[in-house]
Amino acid sequence: KKVIHIVGARPNFMKVAPIYRAIAERTPLEQILVHTGQHYDAKMSDVFFADLGLPAPDVHLGIGSGSHAQQTARMMVELEKVFLAHPPALVSVVGDVNSTVAAALVTSKLSIPLAHVEAGLRSYSPHQPEEINRLVTDRLSDLLLTPSRDADANLLKEGTDPTRIHFVGNVMIDSLFASREKADKLPVLKDLGLIPHGYAVCTLHRPSNVDDPKLLGGLLSAVAHVATRLPVIFPVHPRTRKVISEQGLDSWFAQSPNLRPVDPMGYLEFLALTSKARLVLTDSGGLQEETTAMGIPCLTLREQTERPITVEEGSNEVVGTDPVRIRMAADRVLNGEGKQGRVPEFWDGRAAERIADLFASFLGVEDAPIQA
Ligand code: UD1
């Protein structure tokens, strides 16, 4: 029996890698890896395959960028062909990107069972593209694999059949724990002239933050303030780079020599950087979780998070996008008054094993022990 995994955008790769490995090790299931091509730059895609030990995709759809409708529709047309040519027993999707929802729609229209890894997260911002992708994907999924108990509660509140919900833990943290030792050996800090815990890391890529030049300028002003206290390394997402150069916002970098833009980094390089940071400022979802798993202070530059456990239990604070509030929160952390946190339940490096066992038992291929 065949499982088809769908990947497309950067945050998918570190979620699928441990699942792929666990299925290969623990089950007789055949696996096919399909890359939609939503992300295509080597630094947004290829490097992750190498860093995570993911095999090259069996099928690459080469979809690329476009409006949401164009991108999602093109993916759907091509995915339908793949599912008809290689009929799977199960399609597995991860996260909340356009590749996720495109595959979910095609899978359910073909009456193929669908599993969603990282189900149940909700920001309750109805217009956020990822929120739409989450709602649709969860509604269509037969197996809802959740990273935290709050996700179970969200699904139950929406009337989801409880027998479909399985709390398995956080697969992205599986990748993090499996990779830390390798990352620690890289000379990233040395190459950038940084000392451990003597610098901050910033990432920004949410359309709601970066597409509006005024808002982005405000965020950069707050980050430039942080850079008056310690070096800030800022790997710049292609979407953000475009706005910065089109709107002349590079002046922030000229004024703040300690605010250092760099190209997007590979998985291991970036892990080496974040794991030794004194502070992370971000609007990423995954990074809120990774910093919580590592106990690194994180300031989330958004008004809400779909990952509240990182605030309730972890080292994350949601501080919004007001530059004054961000500066004050960063000063607090740098003055040693940041919050402490703990690692949430089942963020233990074994979520993918639980998922592999669930898939095996769902597909009746083997009497696998279900630990979730
Ligand atoms: C996508 C996801 C977002 C995720 C992010 C991680 C959706 C709706 N959004 O956002 O949830 O957090 O990935 O990175 O799926 N571009 C390149 N090279 C690439 C890919 C994109 O230059 O390899 C540029 C293109 O100009 C493109 C723009 O980035 O138009 C946006 O790419 P897109 O995949 O549409 O969304 P992201 O902002 O990357």
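Since this is a predicted model, take the numbers as computed values, not measurements. (Residues numbered from 1 in each chain as written. Predicted model: local features only at pLDDT ≥ 70, side-chain atom pairs only at ≥ 80, totals over all residues.)

A.B. asks: Account for the site of the ligand, naming residues and giving values.
C.D. replies: Surveying the vicinity of the ligand reveals 18 residues, the closest of which are Asp41, Met44, Ser65, Val97 and Pro238. Of all the secondary-structure elements, those providing two or more residues to the shell around the ligand are helix H1 (10-26), helix H5 (129-140) and helix H11 (238-246). A class-by-class count of the residues in the shell around the ligand yields seven nonpolar, six polar and five charged. (Near = placed C-beta within 6 Å. Helix = DSSP H or I, 4+ residues; strand = E, 2+ residues; numbered from the N terminus. Nonpolar A, V, L, I, M, F, W, Y, C, P; charged D, E, K, R; others polar.)

A.B. asks: Run through the environment of valine 136, naming residues and quoting values.
C.D. replies: Position of valine 136 among the secondary structure elements: in helix H5. Residue class for valine 136 comes out partly exposed when judged on the 16 C-beta atoms lying within 10 Å of it. Between the alpha carbons of valine 136 and aspartate 96 there is a distance of 9.7 Å; along the sequence they are 40 residues apart. With sequence-adjacent residues up to four places away left out, valine 136 is seen in contact with Val101 and Ala104. (Buried ≥ 20, exposed ≤ 12 C-beta atoms within 10 Å, placed from the backbone. Contact = placed C-beta atoms within 7 Å.)

A.B. asks: How would you sum up the sheet that holds strand S6 (residues 143-146)? Please name residues and give values.
C.D. replies: Taken in spatial order, the seven strands of this open sheet run S3-S2-S1-S4-S5-S6-S7, and their pairing is parallel. Only two strands of the sheet have a single neighbouring strand rather than two, namely strand S3 (59-60) and strand S7 (165-167). With two bridges connecting them, strand S2 (residues 30-35) and S3 associate as parallel partners. The partner of histidine 35 across the bridge, within S3, is histidine 60. Along the sheet, helix H6 (residues 149-157) contacts S6 and S7; its crossing angle with S7, the most-contacted strand, is approximately 170 degrees. (Pairing = 2+ DSSP bridges. Axes fitted to C-alpha atoms, helices over the stretch in contact; angles between N-to-C directions.)

A.B. asks: Tell me about the nonpolar core, and name the residues and values.
C.D. replies: Counting 101 residues, the largest nonpolar core has Ile19, Ala200, Val223, Val232, Val280, Leu281 and Ile355 as the members making the most contacts within it. Ranked by the residues each element gives to this core, the list is headed by H1, at eight residues. Looking at which domains feed residues into this core, each of domain 1 (2-169 + 347-362) and domain 2 (185-337) gives three or more. Discounting chain neighbours no more than four positions away, the residues touching alanine 200 are Val226, Leu230, Val232, Ala277, Arg278, Leu279, Val280 and Leu281. (Core = buried A, V, L, I, M, F, W, Y, C linked by C-beta atoms within 7 Å. Domains from an automatic or database assignment.)

A.B. asks: Pulling in residues and values, what's your account of the sheet that holds strand S8 (residues 200-203)?
C.D. replies: Across the sheet, which stays open at both edges, the six strands sit in the order S10-S9-S8-S11-S12-S13 with parallel pairing between neighbours. Each end of this open sheet is capped by a strand with a single partner; those strands are strand S10 (259-262) and strand S13 (316-318). Across the sheet, the mean angle from the axis of one strand to that of its neighbour is 20 degrees, orientation sign disregarded. Across three bridges, the pairing between strand S12 (residues 298-300) and S13 is parallel. In the strand pairing of S13, leucine 299 is matched with glutamate 317.

A.B. asks: Tell me about the domain arrangement of the protein, and please be specific about residues and values.
C.D. replies: Looking at the assigned domains, one finds that the protein contains domain 1 (2-169 + 347-362) and domain 2 (185-337). Taken over C-alpha atoms, the centre of domain 1 sits 27 Å from the centre of domain 2. Each side of the interface is counted separately: domain 1 has 17 residues, and domain 2 has 14 residues. When contributions to the side of domain 1 that touches domain 2 are tallied by element, the ones reaching two or more residues are H1 and helix H2 (46-52). Here the side of domain 1 that touches domain 2 gets four residues from one element, more than from any other, and that element is H2. When the residues that make up the side of domain 1 that touches domain 2 are grouped by side-chain class, the tally is nine nonpolar, three polar and five charged.

A.B. asks: Mind laying out the environment of threonine 321, listing which residues take part and the relevant values?
C.D. replies: Tracing the chain through its elements places threonine 321 in the loop between S13 and helix H16 (323-337). When the 19 C-beta atoms within 10 Å are taken as the criterion, threonine 321 is described as partly exposed.

A.B. asks: Provide a residue-level description of H1, including the pertinent values.
C.D. replies: Roughly 30 degrees is the biggest bend found in H1, and it falls at valine 16, with proline proline 18 one to four residues downstream. Among the 17 residues that make up H1, 13 are buried, leaving the element largely enclosed by the rest of the structure. (Bend = angle between axes of the 7 residues up to and from the residue.)

A.B. asks: Before we move on, could you go through unusual backbone geometry and cite the residues and values that matter?
C.D. replies: Trans peptide bonds make up most of the peptide bonds, and negative phi angles are found at most residues other than glycine. Residues other than glycine seldom take positive phi values, yet histidine 197 does so here, at roughly 60 degrees. The residue histidine 197 is located in the loop between helix H8 (188-192) and S8 in this model. The exposed category is assigned to histidine 197, around which 11 C-beta atoms lie within 10 Å. The phi dihedral of phenylalanine 346 falls on the positive side, at around 65 degrees, and the residue is not glycine. Among the secondary structure elements, phenylalanine 346 is positioned in the loop between H16 and helix H17 (351-362).

A.B. asks: Go over the packing of helix H7 (residues 171-184) against helix H14 (residues 286-294), please, and point to the residues and values.
C.D. replies: Contact pair H7 / H14: the axes reach a minimum separation of 10 Å and the direction vectors enclose 55 degrees. It follows from the interaxial angle that H7 and H14 lie oblique. The two elements H7 and H14 cross, and the hand of that crossing is right-handed. Side by side, H7 and H14 meet where Met172, Ile173 and Leu176 of the first sit next to Gly286, Glu289, Glu290 and Ala293 of the second. Grouping the amino acids of the contact of H7 with H14 by side-chain chemistry returns four nonpolar, one polar and two charged. (Parallel < 35°, antiparallel > 145°, perpendicular 65-115°, else oblique. Left-handed = near helix turned anticlockwise from the far one by under 90°.)

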